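These are the residues of each chain, in order.
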Amino acid sequence: MTPVIPDTATIKVSSQPSSNAPPAIQADTLSRVVPLGERQLTILDNVSLTVAEGETLAIVGASGSGKTTLLGLLAGLDRPNHGSVAWHGETVSSLSEDALAKRRQGAIGFVFQSFQLLPALTALENVMLPLELAGANDAQTRAQDWLNRVGLGERVDHLPKQLSGGEQQRVAIARAFVASPSIVFADEPTGNLDTDTGAEVVELMFTLNREQGTTLVLVTHDLELASRCHRMVRLARGKVI
Amino acid sequence: MNLILRFVRRELRSTEARILVLALALAVASVGAVAMFADRVKVAFANQANVLLGADAMISGDRPLPEAFTQQALAMGLKVTHSTRFGSMVSAPAKDGGAAKDSALSDVKAVSSPYPLRGEIEVHGANGERVPLKANVNAGEVFVDERLATRLGIKAGDTIEVGKLTPRVAQVFAEEPEIAGNFMSASPKVLMANADVAASELLGPGSRATYRLQVAGDRAQEFADTIKAKLGPGQRLETVRELRPEVRSTLEKSEQFLGLAASFAVFLAVVAIVLALRRYLKRELDTATLFRTLGAGQRQTLMHFVGQFFVLALIACALGVAIAFAAQAGLAFAVRGLFASTLPPAGWMPLVKAFATGLVLLLGFAIPPLVALSSTPPVRALRRDMPTASGGGALAVALGGAAVLSVVMMQSQDLKTGAIFVGGIVALVGAATLLAVALLWLIRRFVRSGKLAMLGGARSWAYGLANLDRRRLSTALQIACLGLGVMTLITVGFVRTDLFSAWQKSIPADAPNRFLINIQSEQVDALRKLLPTTQGTKPAAFYPMVRGRLIAVNDKTVSAKDYSSEQAKRLIDREFNLSASSTLPPGNKILSGEYFSATEQGVMSLEDGIAKTLNLNVGDRMTFDVAGDKVEVKVTSLRKVDWDSFKVNFFALVPEATLAPLPKSYITAVHLPAGDNKTLPTVVAAAPNVLVIDVSEIMTRVRSIVDQVASALEFVFAFTLAAGLLTLYTAVIATQDERRYDTALIRTLGGTRSQIRSALIAEFSALGGAAGLLGVLGALALTWVLATRVLKIEFSASPTVWIVGFAAATGLTLLAGWLGTRSVLTTPPIQVLREGA
Ligand SMILES: Nc1ncnc2c1ncn2[C@@H]1O[C@H](COP(=O)(O)OP(=O)(O)O)[C@@H](O)[C@H]1O
Ligand SMILES: [Mg+2]
């Protein structure tokens, strides 16, 4: 599969031209091995990839092919047994857990398949959380602003359980973008939604992504969704094919 | 910090956080309420006992007391009275020019008005009954007791000589309230006015006298505590506790019983906290994961959770303290009729302690899991089923144990009790785990063997039991918590019934209530015939007694100055009563060394409390001055004396041969039924030198305290029981969420309601049965330890309590489980499933 060259005209790129700037994500020979009883099971085998600044990348593959594992490694939520991950030219896979957390703060956004909203927090409070953790003092206005942008301006005080699945995922998207991250990772964001709602959510994500100029890494098994990305990486049994 | 507070506000919306706060608040409330109430009861008892002092508190000194003490007492709104006590010869004036005058060494007390502050001076009425005397000792007057009146042959209206004065005898009294200190004092009593002391010229320089300040009022205890720090040399705070061993023993046991109730409340608090925490922490795991993915470092996450938890704990403890205050007020109101006087106001200390208890327990148990929580790998956001670091393992056990130990010590201020409790918990948790494992193994075999199927239609039972096996860890924890709760409640039942009545019985109805002292050897036979026989047949026993002053220990001269404790100083200042017995008296127990044989010489057996006070041990040599003769003895054994029996007991016993050459008198004790007005006058007529000491007043006090403890315990234990049942309910429904989800799932898969019902019944009966078994065994062990090691009373265990305890544990678990899960049978399963596991 030939990588699709990003159409720079449609992307608001950061001040530097993309050709000189280091790639947003650079993964080299990533391997992940998990113990399986006595034996070792390789669930990700020697995967290398590069994601340019502002690029959107889809990771596709059958269930169990290692997509989530790869996403976890790229996002620094998990550590590879072999290989390295760098964000904007800085190797992060060798950082300490806390140093890594600091790098994530405000720079990386997540959208999960199972929304991962805190049930006791209102929509607004859920969106405020990344800003509050980073110590921002305009958390409330910015969160409110983002809820407006995802079309939930009227639902700020609702608890997750009072929202539909699509609405919950939109809150999660607002939360992912609120801190103006440079990279957003999404793991099957439509996996728990019906087709129409899924499409709306995807639309929203791509729109925001374009407006913000973020780099997006999207895991999905939906090829149609994947085709909307600049580029696609296909996994099978832990290997890029 | 702001974020923490904002989070606490948000957290409090969730059921888990609310349950945690509520469970904690309840735990703190029951600890606080019980401790506070027990405290008030204890102070009430101490006050009642202090009536024997004639005041609520008494300070005495070898020289006149500083005026500042009196000012302080007045400033605290207390009633005060001063008295000066000394020994003096008192004589009846020679009659009609006769040469010889009768005189007697008397115990003179010069008092100011009003006197006494507590209790009453009593006189004999026309029919031999005792009536309180409402009169003050005025200047120029004296009150003398019946002993002196008999001795000197005087009556009211006569005059006597006291030093340079010749006051008029205004009253002849039977007893005055201050009977605590002079139990064995051989001298008759005289009360005179303080104002007359100077004119009597009795107290010249160098004369021995005790100057006392007696106070009474609500803040007497507070006054005593303040003054304690200001006491100079030769000044001391007198309490009945230190003066009367029977009273001390009674008060101590009462306090132990009440303290036990408070410790049980702590036990239940531990169960409640552990369970509520588990549910809460499980939920917080998601928050922690999210924090980590959003870039919060491990430190930041930990600080956040500890901070948030601390604030929640503060809220809960404050709430608990408020409930405690209300609850103890309720308890006090409920028992208002039971006490001789109104309960003294509550002190704040128990509430402070309860607050600290909650905080220490909560943080002790929560910090290890919180540390584990904050190191949650962020990848858990992608994989919810990731194994997570569990409770913190050894650290959690160690910190939790330390928390419980410090709390129990804070409550009982006694390392031994604390160690017993912590040991009990550790043993129980260990036993629970073993039992749970064994039980689950049996269940697995049973279910697989197919025997269950033969019992007919029992597939759902098999499923219910298999459920327990599936949740092995929660099951073990649940059994442990339930077992701990059941153990506590059964033990409470035991303490209330068997142990308490064992103690009550230790004061027999026919315990001696009169002590006769100063009997001469030649009078013994005559008196034996006059006195009622003890236990129907045996003639009263007469014990020889020699008074001696301790002058040296291990050849080193001792004086009061060598000792720092007030009690030790007093012992050195006063005379010891030495007695002889060739065998160990019944009710005494050798703690160390061996009781001397009849042939040994120069040896002594000492009561263990007095030995501790004087810092003496087996092997030490003591030298006494007995009427000018030096008697040297070696301590060869330490004894424990059963003061509760009210029998004649001695601190110091020597072989009969040691006592033989010394000047001695005899002592005996009899039980005179109320209304017996004849025996004593005959005795006094036959032997006028004999002094009769009435301890019926002390016994009445002690008995009434014991009875009141019984009533108070009834209420306190009922309260503990209620708190315990609530805790057990929490324990049972702890795994309710999982169970609800599972049950709903089974229903979607076609399980019928009756199948689910049987499964739940099987599950809860097995759970309750295991907890009941564990609780009964634990209670048996705990009660035994309490009886033999802490309360030192006979261990008895009635099987009814066990059986009832076991049956109730099983039944109540079933009931609570049923009530907690029942709703799942009536809600549509889809609703439960949508809410998630
Ligand atoms: N911690 C783990 N232990 C054991 N097996 C794992 C673990 N994580 C993932 N796997 C296995 O690795 C394979 C890839 O998983 P995953 O990355 O979740 O696949 P995908 O997201 O493509 O469905 C699966 O077979 C999964 O069961
Ligand atoms: Mg996946």
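Scroll up to find the structure.
Conventions and cut-offs
Residues numbered from 1 in each chain as written. Chains lettered and ligands numbered in written order. Predicted model: local features only at pLDDT ≥ 70, side-chain atom pairs only at ≥ 80, totals over all residues. Heavy atoms only, no water. Pairing = 2+ DSSP bridges. Helix = DSSP H or I, 4+ residues; strand = E, 2+ residues; numbered from the N terminus. Expected span 1.5 Å × (residues − 1). Buried < 20%, exposed > 50% of the residue type's maximum accessible area, 1.4 Å probe, protein only. Core = buried A, V, L, I, M, F, W, Y, C linked by side-chain atoms within 4.5 Å. Contact = heavy atoms within 4.5 Å. Arc of directions from axis to C-beta. Axes fitted to C-alpha atoms, helices over the stretch in contact; angles between N-to-C directions. Parallel < 35°, antiparallel > 145°, perpendicular 65-115°, else oblique. Left-handed = near helix turned anticlockwise from the far one by under 90°. Nonpolar A, V, L, I, M, F, W, Y, C, P; charged D, E, K, R; others polar. Polar contact = N/O pair within 3.5 Å; in protein donor to acceptor, adjacent residues only side chain to side chain.

Caption draft 1: Seen up close, the sheet that holds strand E9 (residues 231–236) of chain A. All names here are of chain A. Spatially, the 6 strands line up as an open sheet ordered E6-E7-E8-E3-E9-E10, and their pairing is mixed. Taken across any chain shown, the strands that pair with only one partner, and hence form the sheet edges, are strand E6 (108–111) and strand E10 (239–240). Pairing between strand E7 (residues 183–187) and strand E8 (residues 215–219): 5 bridges, direction parallel. Across the sheet, the residue bridging to Val184 is Leu216, located in E8.

Caption draft 2: Examining helix H5 (residues 165–177) of chain A more closely. In this model, H5(A) (13 residues) spans 19 Å end to end at C-alpha, consistent with the 18 Å of a helix rising 1.5 Å per residue. Looking only at H5(A), the buried set comprises A:Gly166, A:Glu167, A:Gln168, A:Gln169, A:Val171, A:Ala172, A:Ile173, A:Ala174, A:Arg175, A:Ala176 and A:Phe177.

Caption draft 3: The nonpolar core, seen in detail. One finds B:Leu277, B:Phe309 and B:Leu361 to be the most contacted residues of the largest nonpolar core, which totals 48 residues. Contributing elements (two or more residues each) for this core: helix H1 (2–11), helix H2 (15–50), helix H8 (245–293), helix H9 (298–334), helix H10 (349–374) and helix H11 (393–412) of chain B. Not counting the four nearest positions on each side in its chain, B:Phe309 is found in contact with B:Leu20, B:Leu277, B:Tyr280, B:Leu362, B:Leu363, B:Ala366 and B:Leu370. Membership of the second largest hydrophobic core comes to 44 residues, among which are A:Leu77, A:Leu121, A:Val219 and B:Leu290.

Caption draft 4: Quick peek at helix H2 (residues 97–104) of chain A. Residue and element names in this part refer to chain A. Those residues of H2 not exposed but buried are Leu100, Ala101 and Arg104. Down the axis of H2, the buried side of the element spans an arc of 105°, and every buried residue falls inside it. Following H2 by one or two positions, Gly106 adopts a phi angle in the positive range, close to 75°.

Caption draft 5: Representation of the side chain of A:Thr190. Residues and elements named next belong to chain A. Checked against the element boundaries, Thr190 lands in the loop between E7 and helix H6 (195–212). On the basis of relative accessible area, Thr190 is assigned to the buried category, the value being 16%. Beyond its immediate chain neighbours, meaning those up to four positions away, Thr190 contacts Gly198, Val202 and Leu225.

Caption draft 6: Expanded view of the packing of H9(B) against H10(B). Residues and elements named next belong to chain B. Across the interface, H9 lies against H10 with an axial gap of 9 Å and an inter-helix angle of 155°. Relative to H10, the element H9 lies roughly antiparallel. For the crossing formed where H9 meets H10, the hand is right-handed. The residue inventory of the contact of H9 with H10, partitioned by class, reads 21 nonpolar, 4 polar and no charged.

Caption draft 7: Looking closely at the side chain of B:Asp56. Residues and elements named next belong to chain B. On the secondary structure map, Asp56 appears in the loop between H2 and strand E1 (57–61). Given a relative accessible area of 8%, Asp56 falls into the buried group. Here the side chain of Asp56 touches Gly217 through a polar contact of 2.9 Å, landing on its backbone nitrogen.

Caption draft 8: Broad picture of the pairing of strand E19 (residues 629–640) of chain B. Residues and elements named next belong to chain B. Across 4 bridges, strand E16 (residues 589–593) lies against E19 in antiparallel orientation. Paired with Gly593 across the two strands is Ser637, which belongs to E19. Of the strand pairs in this sheet, strand E17 (residues 603–607) and E19 are connected by 5 bridges, and their pairing is parallel. Among the inter-strand pairings, Leu606 is bridged to a residue of E19, identified as Leu638. In the sheet, strand E18 (residues 621–626) pairs with E19 via 6 bridges, with the strands oriented antiparallel. Residue Thr623 lies in a different strand from E19, and its bridge partner there is Glu632. What sits between the antiparallel neighbours E18 and E19 is a turn of 2 residues, in which Ala627 has the positive phi angle 45°.

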